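# Descriptive structure summary
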Amino acid sequence: MAVLKVIEVLANSDKSWEDATRKAVKHASKSVKNIRSVYVNEQNATVDDDGEVKEFRVNVKITFEVK
């Protein structure tokens, strides 16, 4: 039996939601080991005055095994 823990991480990117998700996992992996999965809980974006998407944001849940 494995013991798993879930943390919530917020991240952003000027490229895409996928890039923001990758950044969240990469940042979390600096201090958390044994990451098993990531669940994108929420996505949103900011828009500039010209109607262009300025920033992609994600709220992810990262699951890792506690050893």
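Anything mentioned here points back to the structure above.
To keep things clear, this report deals only with the structure shown in the data block. (Residues numbered from 1 in each chain as written. Predicted model: local features only at pLDDT ≥ 70, side-chain atom pairs only at ≥ 80, totals over all residues. Heavy atoms only, no water.)

With twelve residues, helix H1 (residues 17-28) should cover 16 Å at 1.5 Å per step; its first-to-last C-alpha distance of 17 Å lies within 8% of that length. Among all positions of H1, only Asp 19, Ala 20, Thr 21, Ala 24 and Ala 28 are buried. Taken together, the buried residues of H1 touch strand E1 (3-13), strand E2 (35-47) and strand E3 (53-66). Regarding H1, its N-cap is Ser 16, as a side-chain oxygen of that residue lies 3.4 Å from the backbone nitrogen of Glu 18 further along. (Helix = DSSP H or I, 4+ residues; strand = E, 2+ residues; numbered from the N terminus. Expected span 1.5 Å × (residues − 1). Buried < 20%, exposed > 50% of the residue type's maximum accessible area, 1.4 Å probe, protein only. Contact = heavy atoms within 4.5 Å. Polar contact = N/O pair within 3.5 Å; in protein donor to acceptor, adjacent residues only side chain to side chain.)

Our next topic: the sheet that holds E1. In space, the three strands of this open sheet follow the order E1-E3-E2, with antiparallel pairing throughout. Every interior strand has two partners, whereas the edge strands, E1 and E2, have only one. This sheet shows a mean twist of 15 degrees between the axes of neighbouring strands, independent of strand direction. Note: E2 against E3, eleven bridges, orientation antiparallel. By the bridge assignment for E3, Tyr 39 is matched with Lys 61. Its contacts with the sheet place H1 against E1, E2 and E3, and it is angled at close to 40 degrees to E3. (Pairing = 2+ DSSP bridges. Axes fitted to C-alpha atoms, helices over the stretch in contact; angles between N-to-C directions.)

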